[in-house]
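The chain contents come next:
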Amino acid sequence: APELVDEPVRFDTDRLAELVGDDRAYGAELSAMLYRNSQVRTSFDRALRAARNYDVNIRLLIDAEAPARYQAIRWEALRDPGGTFAVATRSRVYFSRYFNSTRYRPVTPLAKEGQFRALVAVANPSNLADYSAGDLGGPVLAAVDVAEELARARRALPNFTIQTLPDEHDPSARATLDQIINRLDRQDGLASVNVLYLVCHGLITDGEPQLLLEGSDG
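Residues numbered from 1 in each chain as written. Predicted model: local features only at pLDDT ≥ 70, side-chain atom pairs only at ≥ 80, totals over all residues. Heavy atoms only, no water.

## Some thoughts on the sheet that holds strand β3 (residues 116-122)
Judged by pairing direction, the sheet is parallel, and its three strands sit side by side in the order β4-β3-β5 without closing on themselves. The open sheet has two edge strands with one neighbour each: β4 (160-165) and β5 (195-199). The average angle at which neighbouring strand axes cross in this sheet is 20°, direction not considered. Bridge count between β3 and β5: five bridges; the pairing is parallel. Looking at the pairing, Val-120 lines up with Tyr-197 of β5. Sheet strands in contact with helix α6 (residues 146-156) are β3, β4 and β5, and its direction is about 160° off that of β3. Where helix α7 (residues 177-184) meets the sheet, it contacts β3, β4 and β5, and its direction lies at approximately 155° from that of β4. (Pairing = 2+ DSSP bridges. Helix = DSSP H or I, 4+ residues; strand = E, 2+ residues; numbered from the N terminus. Axes fitted to C-alpha atoms, helices over the stretch in contact; angles between N-to-C directions. Contact = heavy atoms within 4.5 Å.)

What follows is the structure, encoded as structure tokens:
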């Protein structure tokens, strides 16, 4: 049966923002805020103990209308009540964040095993070295080893039919936004791929996440 807590759980988002650069400290502080409510702590402790023998699904849903500072909480840093491990990386624990949507999108059943399709897109813009810490508010961006990333993706998806960007059969097909969207377009009512595997640099500017893909000229 569902368990409801008697008191709201409160988070100090300003304090969390101060710790964004330290994953362990951020996770410890976030966990302390969540588990301050004894009912939540008991529920998590029971679920994680069960995960020693069974698969456990933890699903997070935050109201889409909630302030941006709540949307920005890094839940993947959450640790267990004892503080010994990150919940999202624990074997048998499947941590997912759910989003509400007012737009209905039909779900297409997955293909049978051996018929899964994946798009692997690796963005390595030729002018990454031109971006400085001052431009992006962070360290100089390293070049991406495209061949190694593609090989890693193939190892991770052994039972998938894989198409890639860049495309070895079409040198003009690079990891641009248009190319990715085109490859993801539904065909005859079915999804053209089951998995998008994306490798690229990213950043947050004025609270908005951005992905650094490529232009058509690379």
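That was the structure; now back to the text.
## What to know about the confidence of the model for the protein chain
In the predicted model, the protein chain carries a mean pLDDT of 84, and 85% of its residues have values of at least 70. Across the protein chain, β5 holds the top mean pLDDT of 95, while helix α5 (residues 133-136) sits lowest at 52. (pLDDT = per-residue confidence, 0-100.)

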